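Single-letter residue listing:
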Amino acid sequence: MNFERLIIQGGYALEGQVKLNGAKNSALVLMAASVLGKQDIIVLENVPRLADIEVMADVLRSLGAKVHFTDKNTLEIDPRNIDKYSAPYELVTKMRASFFVLGPLLARMGRAEVALPGGCAIGSRPVDIHLKGLEAMGAQIEIEHGNVIAKVDKLVGAEIYLNFPSVGATENIMMAACLAEGTTRIYNVAREPEIEDLANFLIKMGAKITGAGSDIITIEGVESLRQPVHYSVMSDRIEAGTFMIGAAMTRGTLRLEHAPVASLDSLIAKMREANVLIDIIDDHTLEVRGRHPILATHVRTLPHPGFPTDMQAQFAAMMAIADGTSSITETVFENRFMYADEMQRMGANIRVEGKTAIISGVPRLSGAPVQGTDLRAAAALVLTGLVAEGETSVSNLFYLDRGYECFEQRLASLGARICRVSVKTEKQEAVSLA
Ligand code: UD1
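If you're wondering where the values come from, they're calculated on a predicted model, not measured in any experiment.

This part takes up the overall build of the protein chain. Secondary structure assignment for the protein chain yields 15 helices and 24 strands. Taken over C-alpha atoms, the radius of gyration comes to 22 Å for the protein chain, in line with the 22 Å a tight globule of 434 residues would show. Each of the three principal axes of the protein chain carries a C-alpha extent, and together these read 65 × 45 × 45 Å. Taking all 434 residues of the protein chain together, the buried fraction comes to 57%. Of the roughly 17,100 Å² that the protein chain leaves accessible, carbon and sulfur atoms contribute 48%. Of the side-chain charges in the protein chain, 43 are positive and 52 negative, and the distance between the mean point of each set is 1 Å.

Take a look at the structure:
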């Protein structure tokens, strides 16, 4: 149970420099990919310290790997003694990305049992595309007692077409195909930057992969992945985007360092359309300057290089104070507007009609108690609190802590009035903020 909440006094601009952390979604899949290595220790640098990373570490430990941080953001994984093929239900249901071990486990052990992850806060999220791809490579798959049970003597290369460019399915199939016999070609794959990061990591381990970043990936199977690997996780584009929107909303100026600039194209385009000044300094640095007015802008989420669904809620927060009426259409997940009710409590004018949120910008929002309903919704509510008049308290921090390392400390160091309080000390600390 999490009894903590963030208390925010709105009205202070974000100013200064922020250095971005490693990407959660990339780190998680690289950790899963380490299951493929039988002969060497893997060192991952730039791993963010997040609740989700701890869950994946526990998944790997439950399989027999040794996993520990050797310093703040360096994770050492010793997968050599992995001897179990079953990922426990309690961990998989805690975090959907645990399902990413299915492909690597099957390729390594010839057998894998992973609980079906089920739905989550943002929708039903089936895994049919993952399973279809593994079956095409010869796996026999059954669902029993809520578990996916996959077996194979030897995976064989196949031609696989994905009905939808699912990020997780692309990753699961890619990892399994590394140790398959022969060549696998996957069509209509996800083109998210994290896919390229995974391919680069696997290639360093000795895999033969071409095409990552395009919509066809070709993998030539190898006998084993044996190279010792030292790899630095790419920077987090969603964390970058969240700070960018924060600067724009508070009319501050932020310089982002270690930013994955090339992966932010659609967000940069849409923010410029909304009248935000964005100066690209080099491949890893950009400066964002918020100014008045923010202009209403229409957005539709799509697989990369389209506008990312993981930035949808934060963009909506910005549109809540824009000049005019905007529309935000969510096409990737079915249930990603749960923040709308919470933002309305702060005075936002949002109407959800099916897959679209219609947002009429208002000149001022007022602080209120609100709760995070999923990871990005929680971040969006914090951003809303930064511009709302008076005090906002955001609870359900469990979600926020899954994806943002030291979020409130970093916002506070940029000028925000924000602190975390527990129920016991709440009264006391809130007073000290005033
Ligand atoms: C990943 C990211 C998540 C991001 C999402 C889309 C991680 C840990 N998470 O999630 O932050 O929001 O990509 O960019 O990397 N689908 C099916 N069948 C399948 C698989 C997916 O129907 O077998 C559907 C899903 O229900 C969803 C859509 O495809 O509607 C996109 O899902 P997917 O791309 O697989 O997202 P994840 O890999 O789960």
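So, about the sheet that holds strand 16 (residues 277-282). Strand order across the open sheet formed by four strands is 2-15-17-16, with mixed pairing between neighbours. Two strands in the sheet have a free side with no partner beyond their single neighbour: strand 2 (15-19) and strand 16. Mean inter-strand twist for the sheet, computed between neighbouring axes without regard to direction, equals 15 degrees. Where strand 2 lies against strand 15 (residues 253-257), five bridges are found, and the strand directions are parallel. Bridge pairing links glycine 16 to leucine 254 in strand 15. On the sheet, helix 8 (residues 237-250) packs against strand 2, strand 15, strand 16 and strand 17 (285-289) and is oriented at approximately 165 degrees with respect to strand 15. Sheet strands in contact with helix 9 (residues 265-273) are strand 16 and strand 17, and its direction is about 145 degrees off that of strand 16.

Counting buried positions over the 13 residues of helix 12 (residues 375-387) gives 12, a clear majority of the element. Within helix 12, burial applies to Leu375, Arg376, Ala377, Ala378, Ala379, Ala380, Leu381, Val382, Leu383, Thr384, Gly385 and Leu386. Between a side-chain oxygen at the N-terminus of helix 12 and the backbone nitrogen of arginine 376 the separation is 3.1 Å; the capping residue is aspartate 374.

Next up on the list: helix 2 (residues 51-63). Taking 1.5 Å per residue, 13 residues should reach 18 Å; helix 2 reaches 19 Å between its end C-alpha atoms and fits that length. Along helix 2, the positions that sit buried rather than exposed are Asp52, Ile53, Val55, Met56, Ala57, Val59, Leu60 and Leu63. Glycine 64 occupies a position one or two residues after helix 2 and carries a positive phi of about 115 degrees.

On to the pattern of salt bridges. In the structure shown here, the tally under the stated rule is 19 salt bridges. Notably, a salt bridge pairs arginine 420 with glutamate 408, separated by 2.7 Å at the nearest N-O pair. Of this pair, arginine 420 sits in strand 24 (residues 417-422) while glutamate 408 sits in helix 14 (residues 407-413); the two residues are 12 residues apart in sequence, bridging distant segments of the chain. Residue glutamate 408 is classed as buried on the basis of its relative accessible area of 8%. One salt-bridge network, in which partners are shared between bridges, spans Glu4, Asp401, Glu408 and Arg420.

What follows concerns the site of the ligand. Around the ligand, the structure places 20 residues, and the nearest of them are Asp128, Ile129, Ser166, Asp310 and Val332. Asparagine 25 places a side-chain nitrogen or oxygen 3.0 Å from an oxygen atom of the ligand. Between the ligand and the protein, one listed contact pairs an oxygen atom with a side-chain N or O atom of serine 166 at 2.6 Å. Here the ligand loses 86% of its free accessible area of 740 Å² to cover by the protein chains.

Cut-offs applied
Residues numbered from 1 in each chain as written. Predicted model: local features only at pLDDT ≥ 70, side-chain atom pairs only at ≥ 80, totals over all residues. Heavy atoms only, no water. Helix = DSSP H or I, 4+ residues; strand = E, 2+ residues; numbered from the N terminus. Rg over C-alpha atoms; globule rule 2.2 N^0.38 Å. Buried < 20%, exposed > 50% of the residue type's maximum accessible area, 1.4 Å probe, protein only. Areas by Shrake-Rupley, 256 points an atom, 1.4 Å probe, with all protein chains shown as cover. Lys, Arg positive; Asp, Glu negative; His and termini not counted. Charge placed at Lys NZ, Arg CZ, Asp CG, Glu CD. Pairing = 2+ DSSP bridges. Axes fitted to C-alpha atoms, helices over the stretch in contact; angles between N-to-C directions. Contact = heavy atoms within 4.5 Å. Polar contact = N/O pair within 3.5 Å; in protein donor to acceptor, adjacent residues only side chain to side chain. Expected span 1.5 Å × (residues − 1). Salt bridge = Lys/Arg side-chain N within 4 Å of Asp/Glu carboxyl O. Near = heavy atom within 4 Å.

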